[in-house]
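Residue-level listing of the chains:
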Amino acid sequence: MTPSNSSAPNRSPALAETMAPGFSITDRDATRQARELEVGQRPGTLNIRDGALKPRLFVMSYNDAACLEAEFTDRYNELLPYLQEHADFKHWIDVRGYGDLPLMEQLMQDFGLHPLQMEDVLNDYQRAKIEVFDEGRLFMVSRMTEFTRNLEIDDDQLSLFTGPNYVLSFQDDYDDCLDSLRVRIRSNFSTLRRHPILYLAYAITDVVLDHYYPTMAAIGDYIEELEEAIFADKRPRRLLNRILRIKKDVVRFRRLVYPERDKIAEILRLPEEIVPETLKIFYRDAYDHAIQALDLAESYRDNISSLTDLYLSDQSNRMNEVMKVLTIISTIFIPLSFVVGLYGMNFQRDDGHGHFLPLNMPELYSPWGYPMVVFIMSMVVATQLYYFYRKGWLTNR
Amino acid sequence: MTPSNSSAPNRSPALAETMAPGFSITDRDATRQARELEVGQRPGTLNIRDGALKPRLFVMSYNDAACLEAEFTDRYNELLPYLQEHADFKHWIDVRGYGDLPLMEQLMQDFGLHPLQMEDVLNDYQRAKIEVFDEGRLFMVSRMTEFTRNLEIDDDQLSLFTGPNYVLSFQDDYDDCLDSLRVRIRSNFSTLRRHPILYLAYAITDVVLDHYYPTMAAIGDYIEELEEAIFADKRPRRLLNRILRIKKDVVRFRRLVYPERDKIAEILRLPEEIVPETLKIFYRDAYDHAIQALDLAESYRDNISSLTDLYLSDQSNRMNEVMKVLTIISTIFIPLSFVVGLYGMNFQRDDGHGHFLPLNMPELYSPWGYPMVVFIMSMVVATQLYYFYRKGWLTNR
Amino acid sequence: MTPSNSSAPNRSPALAETMAPGFSITDRDATRQARELEVGQRPGTLNIRDGALKPRLFVMSYNDAACLEAEFTDRYNELLPYLQEHADFKHWIDVRGYGDLPLMEQLMQDFGLHPLQMEDVLNDYQRAKIEVFDEGRLFMVSRMTEFTRNLEIDDDQLSLFTGPNYVLSFQDDYDDCLDSLRVRIRSNFSTLRRHPILYLAYAITDVVLDHYYPTMAAIGDYIEELEEAIFADKRPRRLLNRILRIKKDVVRFRRLVYPERDKIAEILRLPEEIVPETLKIFYRDAYDHAIQALDLAESYRDNISSLTDLYLSDQSNRMNEVMKVLTIISTIFIPLSFVVGLYGMNFQRDDGHGHFLPLNMPELYSPWGYPMVVFIMSMVVATQLYYFYRKGWLTNR
Amino acid sequence: MTPSNSSAPNRSPALAETMAPGFSITDRDATRQARELEVGQRPGTLNIRDGALKPRLFVMSYNDAACLEAEFTDRYNELLPYLQEHADFKHWIDVRGYGDLPLMEQLMQDFGLHPLQMEDVLNDYQRAKIEVFDEGRLFMVSRMTEFTRNLEIDDDQLSLFTGPNYVLSFQDDYDDCLDSLRVRIRSNFSTLRRHPILYLAYAITDVVLDHYYPTMAAIGDYIEELEEAIFADKRPRRLLNRILRIKKDVVRFRRLVYPERDKIAEILRLPEEIVPETLKIFYRDAYDHAIQALDLAESYRDNISSLTDLYLSDQSNRMNEVMKVLTIISTIFIPLSFVVGLYGMNFQRDDGHGHFLPLNMPELYSPWGYPMVVFIMSMVVATQLYYFYRKGWLTNR
Amino acid sequence: MTPSNSSAPNRSPALAETMAPGFSITDRDATRQARELEVGQRPGTLNIRDGALKPRLFVMSYNDAACLEAEFTDRYNELLPYLQEHADFKHWIDVRGYGDLPLMEQLMQDFGLHPLQMEDVLNDYQRAKIEVFDEGRLFMVSRMTEFTRNLEIDDDQLSLFTGPNYVLSFQDDYDDCLDSLRVRIRSNFSTLRRHPILYLAYAITDVVLDHYYPTMAAIGDYIEELEEAIFADKRPRRLLNRILRIKKDVVRFRRLVYPERDKIAEILRLPEEIVPETLKIFYRDAYDHAIQALDLAESYRDNISSLTDLYLSDQSNRMNEVMKVLTIISTIFIPLSFVVGLYGMNFQRDDGHGHFLPLNMPELYSPWGYPMVVFIMSMVVATQLYYFYRKGWLTNR
């Protein structure tokens, strides 16, 4: 995710571009996830995935009066002194990338995290969840979604720990969807800077939730494109595959948002001393947003099911049309072919021994024989055409 | 919504008119909603949607004895003094249109609303809900539905705050479905004027609920029209599209009414000091109405599913009929064509060297050859027709 | 409902009779209901439906020793004195027909009913429900079902209020299904007369519940008839419509019985002082009955789904059979037609200039040409028939 | 059920035998049940079904030391004295057959049963249930199943009342599935004889539950036979009917077992003083068994749904195959027929007036005309065969 | 399961190999299970299944300082003394194989197990479950899964009892999936050796859970192979059977994992004194894993349903294509055949008596007759080809 074009790639790619290699209607991420979780190790053992980025460490420190920003990449040892020095600030310690096991273990120790929690951070296939630990600290997992050009939902994990005056967040990518929040923190007029530190945790969750809408909008756009393609009788190749693929995305999205909703509901049930009522008002708003996102996903599911019905009925209609053409042509010409075949028979007027055989096809020797046959055949055709017209087979339906 | 014809447009439009442009079987409102919710801003930031109407401000003031009506559009500053002056009245402050941000912020401040609540009012895609704030004040959201000529369910949001002696309501349109209620307030004999102010909030909710029935009736009428069209064997174009479209409406309606029911259930669970038992009797009645509306929606869903089954089976029957015509014509004439082809063969009686070939099609030289062949062919046809008759292929089924 | 033939019309009408006009697979009652509920009036306003019958008023009074019956139609003013005079009796005040608004209002006042309750009585589309009012009085709504000749479920509402020594019941028809109960009350040996007045309310509910079984039995009979019709390969016209229609009935029935079950479950949860344990034993029995009725309805739903599967597969089988006939005839005769066409070609032995052309169809000049061709064609037919026999296309499946 | 072959008839009958008359895919027992429940009588009225067997009365008495068995058929008056005499024994009073109303009423009175309970015993369509009455006595209903030769699930009701030192059981048949239990009681080494009387009630329930497994195994065998029949491409007649029928059985079985599970769960929730913990351990085991039986039923349901999918796809494949044969034959021979027809045209070289017409089918007069045509036709056939081979139409799929 | 290749056989076998005999789309294990559970015996009777392996008995003893391993197969009498001698160790007593009834009864007695529990161990079709007994001891059942070469899920039961300083585990196979755990126990640096004995029970459960992922990954790989096969238009034989079979596996897997999740949830609800909070943190992690496995299974179910849709639509497309070929060939050649048949008619110019019949097919005598007919036929073909091209029947879709 590059912050500069964070919303642009969410736009639905043109129908024509979407058959890229790797296109799949099944949820291959699930299998990849199962494969990576295979390793049966001691619970709480930290494992760095191959290809994990080298961690970068940013700190935003703010209070009512000021906002400082610093990067501690490659100089972690200066972080704790810095935090002690700025004890009157609230800090957002923002770790991006996991590719340094000793650093991760150091962070775990210095910020009092449980090995199992750190394992959840590094194995980044966690569902959204909330855990209370150390009598009042919160550990939250959120999933940030993005709808890629390849019609896939790409989701990254954001893990977040609260402390007395800091929020410690982890993600595996350098870019994220939180830049709008950073801008708000920098602003001297932002009310955010006056709220307690827990509000920062809320604000991060809320921005993540807000980013579900562009994903949904992109999916919705694509569904509309598919619908228009069907209505315009212009069927792109492998239309059903496309429908099934977008269905997969919606199903995946629902599976991402359900735990998010449950997470917020659980926060709302936390006692007053952990999450005060003044903050819960905001979480109640976030809860409404999560419900709305689920509502949208349900809507989309119904839409896709309607599209599938339409597709299958359309497929059946096409078959019907093919059959009608065959039937009309066949039923018109097969009887005619019989008639002309009839008068192609070689019954002889003469048995070869000079006996005249008057019953053998006297029509062939009649002066009006041919015109009469042509007239009869015309009548047959006219009758059939009338019958088909009455049946409505000649018109479009 | 114009009050004058508030029920008329709810009548189902004729089948013929319904293929207007913009006709869709997918829920495009959902996508539009997702798009508008995209903006990731500070929670509680007020945003006026483009094209929002300039707010008009009406106040109805009543007590047992009298009923006053006034409009404060463009002179908001006179509103608070007016309310203080008429402290012995109950007031319905009725704001229509959101297109004036400073006024909205002023209202928020003057009537003690939370910014998140005001955001919910302005972002008008909220599900029906109830919130208690300020120890006893209620914030309710309802959705008013209308079934448009274009077979869409059009729904507007009605937001409502209660106060010590007033109800403050917001909606984005100048016209609404509440005129019948206004008439009742004006009437000197109305019991409504003797009830406490919370009853007004109830009465508004109840009128909104009552307006679900015409929507449902219009949907039901359309379903019946579709059923009759199928039974009459007159299939309008794109019949399945129509069925899927009305299905979309029913699904959308259910999604609107479910939160409404939950809202009322939540009101019924509120403590006696917020909503007294004498009022709950009325809400219990409203609850029954919401359940009935949901029951209707479930009924419609089953009906639409039956229509779809019928449509698909009918499609299959038509195919069957086409195939039967083809089969009957083919099986009758193909063997006949063979017979006449047989006697069209040119086997010679004479090998060209004067040898007589008695086995080469002696039938052609028989005096009864042709009549016999015609007789045999007639027998074949008769046998086949009898077979088809026994199979029931000649009758309609 | 005429008591004399109350069970007879429940028998399933013959398949042949059932295509009466008005036959519908969609739930038109639902739409009618939505239409009638359209009127948006003050809650608690009493409305008499057009065509409501003139009320008739019967009272059955009984105690351990005696049972009196009286009709107070057109002399309502004598009712209250009569009740006071017979204070040592228990009374069943039985109002049939709603067509007299002043009388309804009078009853409401005299028996202490809430306007909203009276509205529920008159608007007779209420689901089964139970309400406790006035600290211990019960208001119950039941739905009486009947399976009509037209394969519709006809349901009437029975509303019932308990009082200190009376039960007040309302229904909109003169005839009902409660005559068996009246006979029991009249009998001097009936234990019913010794039970407290609440038992009468239970007994009425129980008789209504018992009348669900004939409805179910009639539906079951019809389903069996449909099954037999499919198995006998005699398909009545519009068979799918019939299946869908009976499905509608089952769905409607379930929707009627579910609230009935919930009502009884709610009664079982009422405190001892309102419904004593000695009565709850009976309600527990009624609860078992309601569950059994729902079980039956579920059974029927599964049966109908099986019938639909069978119908669709049968439809597909018929298509298959049609195609097989076409294929067998075509594949046998099309090659033969080619052969006979082959020897119908006019290739000449002589180029018109006296040159002998020995390669031009010498078969035609061979002495065994024709018999050989006939033999070859017989072989082709035999081979094909053997192939079809092996494929099993010649046998029925 | 004859004890001697109680497990044998549970084996799945051969596919060939199963189309006995009375074969049905709908649940006719349900309708029969609805019919018998029609009678709307006073609750608690005892009715003996027509054809009920004359009751036989057996008593097994046991304590740690001894086990007595006696039959009291036709001498009920000796039963109570016998019980008093053997007060130090535990008794299993086993009533088989209901066809004697006075005896039933006598039993009801002597053993303190409620009329509604006795009605449940005699109307033997009760779901499994448990009721506590008389402060600690239990009334349990179980359903014993058997899978008949006719592929039906036959279920009988076993009703059971506990008393201080006896269990009173009712069933409508002389034979049952409890003989294995009787053998255990007779054995001097059985721990059962040392357990309190409630254990006997448990043991009866447990044996009934255990008999669900042979029923399931028989259904499973039949499903496997159906699967093998489909895989072997040998489709017995009316295969779908068979599938739907076995589906009906599975659905019916689930409906029998669900209440059984709920019954046991309810027993587990009973207070310690009614069902002591030492007994609950056994019921917990029975609960696991009921869950396992439900699991099996769910498995079977999935299996049947897979079979149906396979059947329908197979049906479609057969159609496809038929069409392919038709298409191959037609597309090969129809063009050939055109060619040979072409050279069967009678265009003359001579206009009848001596003018030579050189353009009229000179091919017919060419020395290589016929061989060339035969060659061309061979090429056409070869090309088409190659095309079909490439398409894979000539191979099996 | 051989430990050496415990993960290798989990890889999906090649599509080509998978039609081994015994291939089934129905859950035959279920039927086998039902058959084995048929025996209706005294609850708590121990039965050894035929073919059960001779038990082998291993003990791993560890404390912070040391780890001992010993095998007690064939010398059970030395086990208890050994345990007493090493009372300062924690022991994992690992029984593999059940084929020795006296030994099993001895174990039951020596370790204080309930006969019903022992029955659950030996009858190894138990769902995953947890029971607390003897005031704090735990009895857990887990199911270990493996995905076999034959595309079946093979599951073995692991039963586990906790004691004051030991865990007693039972399984019916010599090899299992726990070797990674044994390696961890042997390691002197393992934290496991410092945890209390209950942690060992957790660790075993956790390893079993971890082994669900390779099973899922193998299923996912196979689903992807199926998808690729469909997309590549190379359909292996019996493709639907394969899809249905893998569906069976997924369904079976879900049924295995659901009780596992419930088991862990129940452990989380156990009171602090049985399972301390420090251990529950780990179980919470295991709970997340179980939920993830279920999520994966749901994903796979959706995928398989998409594959089935695609398969069926593809089947329909193939039919369509066949029909299109037939229709194109037929509609082109049938009219042509009529034309050539027309000019094959033998209408004579001469009635045999010397009268000239000028109307009888003068075309045949025209100098341009044949070229004209050929031209007309070419036009017909060209027109039809253009029509089919416009319809898109000549292109691939």
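Being a predicted model, the structure only gives us computed values, none of them experimental.

Rules used in this analysis
- Residues numbered from 1 in each chain as written.
- Chains lettered and ligands numbered in written order.
- Predicted model: local features only at pLDDT ≥ 70, side-chain atom pairs only at ≥ 80, totals over all residues.
- Heavy atoms only, no water.
- Least-squares fit on C-alpha atoms with pLDDT ≥ 70 in both.
- Contact = heavy atoms within 4.5 Å.
- Core = buried A, V, L, I, M, F, W, Y, C linked by side-chain atoms within 4.5 Å.
- Buried < 20%, exposed > 50% of the residue type's maximum accessible area, 1.4 Å probe, protein only.
- Buried area = accessible area lost by both parts, 1.4 Å probe.
- Salt bridge = Lys/Arg side-chain N within 4 Å of Asp/Glu carboxyl O.
- Helix = DSSP H or I, 4+ residues; strand = E, 2+ residues; numbered from the N terminus.
- Nonpolar A, V, L, I, M, F, W, Y, C, P; charged D, E, K, R; others polar.
- Phe/Tyr/Trp six-rings, centres within 6.5 Å; stacked < 30°, edge-to-face > 60°.
- Lys NZ or Arg CZ within 6 Å of the ring centre and 35° of its normal.
- Axes fitted to C-alpha atoms, helices over the stretch in contact; angles between N-to-C directions.
- Parallel < 35°, antiparallel > 145°, perpendicular 65-115°, else oblique.
- Left-handed = near helix turned anticlockwise from the far one by under 90°.
- Pairing = 2+ DSSP bridges.
- Expected span 1.5 Å × (residues − 1).

S.K.: What exactly am I supposed to notice about the relation of the copies chain E and chain A here?
M.R.: For the pair of chain copies, the relating transformation is a rotation about an axis with a translation along it. When chain E is fitted to chain A, the residual RMSD is 0.2 Å, and the transformation amounts to a turn of 72° plus an axial shift of 0.2 Å. On this basis, the relationship between the two copies can be described by a five-fold rotation axis. The rotation axis passes nearest to the C-alpha of Gly344 of chain E in chain E, at a distance of 4.4 Å. When you check the interface residues of chain E against chain A, a mere 15% turn up at the interface there too, and the two sides of the contact use different surfaces.

S.K.: Can you walk me through the nonpolar core in this structure?
M.R.: Grouped burial of nonpolar side chains is what soluble globular proteins tend to show. Ranked by internal contacts, the top residues of the largest apolar core, which has 361 residues, are Leu200 of chain C, Leu200 of chain D together with Leu200 of chain E. Ignoring anything within four residues of it in the chain, the contact list for Leu200 of chain C reads Tyr62, His91, Trp92, Val167, Leu181, Ile185 and Leu192 of chain C. Ranked by size, the runner-up nonpolar core spans 130 residues in total, among them Leu364 of chain B, Leu364 and Trp393 of chain D together with Leu364 of chain E.

S.K.: How should the interface of chain E and chain A be read in this particular structure?
M.R.: Contact with chain E, which involves 75 residues of that partner, is made by 70 residues of chain A. Taken together, both faces of the contact between chain E and chain A bury some 6200 Å²; the carbon and sulfur share is 59%. Considering only the side of chain E, the residues that lose the most area to chain A are Gln292, Phe338 and Phe347 of chain E, jointly responsible for 10% of the buried surface there. Between the two partners, chain E and chain A, sit four salt bridges. Among the salt bridges present, the one from Arg255 of chain A reaches Asp302 of chain E, with a minimum N-O distance of 2.8 Å. Mapped onto the side of chain E that touches chain A, the elements with two or more residues apiece are helix 5 (179-186), helix 6 (197-210), helix 7 (212-231), helix 9 (277-342) and helix 10 (369-391) of chain E. Sorting elements by how many residues they give to the side of chain E that touches chain A places helix 9 of chain E first, with 35 residues. Taken together, the residues that form the side of chain E that touches chain A break down as 31 nonpolar, 24 polar and 20 charged.

S.K.: How should I be thinking about the packing of aromatic side chains in this particular structure?
M.R.: Aromatic rings in a pair are described by how distant their centres are and how their planes are angled relative to each other. All names here are of chain E. Following the criterion strictly, the structure yields 75 aromatic pairs over all chains and no others. Relative to Phe282, the ring of Tyr199 has its centre 5.1 Å away and its plane inclined at 85°; by these criteria the two rings are edge-to-face. With Tyr199 in helix 6 and Phe282 in helix 9, this pair connects stretches of sequence that are 83 residues apart. Note on Tyr199: relative accessible area 1%, which makes it buried. Its guanidinium or amino end placed over the ring of Tyr174, Arg56 lies 5.3 Å from that ring's centre, counting from NZ or CZ.

S.K.: Can you help me understand unusual backbone geometry in this one?
M.R.: The general pattern is negative phi for most residues beyond glycine and trans for most peptide bonds. All names here are of chain A. One non-glycine residue with positive phi stands out, namely Asp134, at about 50°. By relative accessible area, Asp134 is classed as exposed at 51%. At Glu135, a position not held by glycine, the phi torsion is positive, near 50°. Positionally, Glu135 belongs in the loop between strand 4 (129-133) and strand 5 (137-147).

S.K.: Explanation requested: the packing of helix 7 (residues 212-231) of chain D against helix 8 (residues 239-269) of chain D in the structure shown.
M.R.: Residue and element names in this part refer to chain D. With their axes 11 Å apart at the nearest point, helix 7 and helix 8 run at an angle of 155° to one another. By the angle class used here, helix 7 and helix 8 are roughly antiparallel. The crossing of helix 7 and helix 8 is left-handed. Counted together, Tyr212, Thr215, Met216, Ile219, Tyr222, Ile223, Leu226 and Ile230 of helix 7 and Leu239, Arg242, Ile243, Ile246, Asp249, Val250, Phe253, Val257 and Glu260 of helix 8 form the full contact between these two elements. Its residues assigned to classes, the contact of helix 7 with helix 8 shows 13 nonpolar, one polar and three charged.

S.K.: Would you take a moment to explain the pairing of strand 6 (residues 153-162) of chain D for this structure?
M.R.: The side chains of a regular strand alternate between the sheet's two faces. Residues and elements named next belong to chain D. With respect to burial, strand 6 is a largely interior element, nine of its 10 residues being buried. Note that strand 5 (residues 137-147) and strand 6 share nine bridges and pair antiparallel. In the sheet register, Val141 faces strand 6, and the bridge partner there is Ser159. Between the antiparallel neighbours strand 5 and strand 6 lie five residues, among them Leu151 with a positive phi of about 65°.

S.K.: Even after reading the chapter, I still don't get helix 9 (residues 277-342) of chain A, so can you show me in this structure?
M.R.: The end-to-end C-alpha distance of helix 9 of chain A is 96 Å, a good match for the 98 Å that 66 residues give at a rise of 1.5 Å each. Across the 66 residues that make up helix 9 of chain A, a large majority, 53, are buried.

S.K.: I would appreciate a short explanation of the environment of Asn47 of chain A in the present structure.
M.R.: With respect to the element layout, Asn47 of chain A can be found in the loop between helix 1 (28-36) and strand 1 (56-62). Its relative accessible area of 41% is what places Asn47 of chain A among the partly exposed residues.

S.K.: Can you walk me through the sheet that holds strand 5 (residues 137-147) of chain B in this structure?
M.R.: Sheet strands pair by backbone hydrogen bonding; their relative direction is either parallel or antiparallel. Residues and elements named next belong to chain B. Strand order in this open sheet of seven strands is 2-1-3-7-6-5-4, and the pairing throughout is mixed. Only two strands of the sheet have a single neighbouring strand rather than two, namely strand 2 (67-71) and strand 4 (129-133). Recorded for the sheet is a direction-independent mean angle of 15° between the axes of neighbouring strands. Examined bridge by bridge, strand 4 and strand 5 share five bridges and lie antiparallel to one another. Its bridge partner lying in strand 5, Val132 is registered against Leu138.

S.K.: Can you help me understand the pattern of salt bridges in this one?
M.R.: Close approach of charged atoms lets side chains of opposite charge pair. All names here are of chain E. For the coordinates displayed, the defined rule picks out 125 salt bridges over all chains. Note that Asp134 is salt-bridged to Arg137, the shortest N-O span being 3.6 Å. For Lys248, the salt bridge is made with Glu152, and the minimal N-O distance between the two is 3.1 Å. Pair noted here: Lys248 is in helix 8 (residues 239-269) and Glu152 is in the loop between strand 5 (137-147) and strand 6 (153-162), with a separation of 96 residues, a long-range link.

S.K.: It is not clear to me how the relation of the copies chain D and chain E should be interpreted in this structure. Could you clarify?
M.R.: Taken as rigid bodies, chain D and chain E are interconverted by a rotation of 72° and an axial shift of 0.0 Å, the fit giving an RMSD of 0.2 Å. When the interface residues of chain D are mapped onto chain E, a mere 15% of them are again interface residues, pointing to distinct binding faces.

S.K.: Would you mind showing me how to read the sheet that holds strand 1 of chain A here?
M.R.: All names here are of chain A. Pairing is mixed across the open sheet formed by seven strands, whose spatial order is 2-1-3-7-6-5-4. Two strands close off the open sheet at either side, each with one partner strand: strand 2 (67-71) and strand 4. The mean angle between the axes of side-by-side strands here comes to 15°, regardless of whether they run parallel or antiparallel. Strand direction decides the pairing type here: strand 1 and strand 2, joined by five bridges, are antiparallel. Following the sheet pairing, Ser61 is matched in strand 2 by Leu68.

S.K.: Sorry, what's going on with the side chain of Gln126 of chain B here?
M.R.: Structurally, the position occupied by Gln126 of chain B is in the loop between helix 4 (115-122) and strand 4. On the accessibility criterion, Gln126 of chain B (2% relative accessible area) is buried. Not counting the four nearest positions on each side in its chain, Gln126 of chain B is found in contact with Asp288 and Gln292 of chain A together with Asp120, Val141, Arg143 and Gln157 of chain B.

S.K.: Would you explain the pairing of strand 7 (residues 166-171) of chain D in this entry?
M.R.: Residues and elements named next belong to chain D. A large share of strand 7 lies buried, amounting to six of its six residues. Of the two faces of strand 7, the one lined by Tyr166, Leu168 and Phe170 and the one lined by Val167, Ser169 and Gln171 are each fully buried. As paired elements, strand 3 (residues 90-96) and strand 7 share six bridges and run parallel to each other. The residue bridging His91 from the neighbouring strand is Tyr166, located in strand 7.

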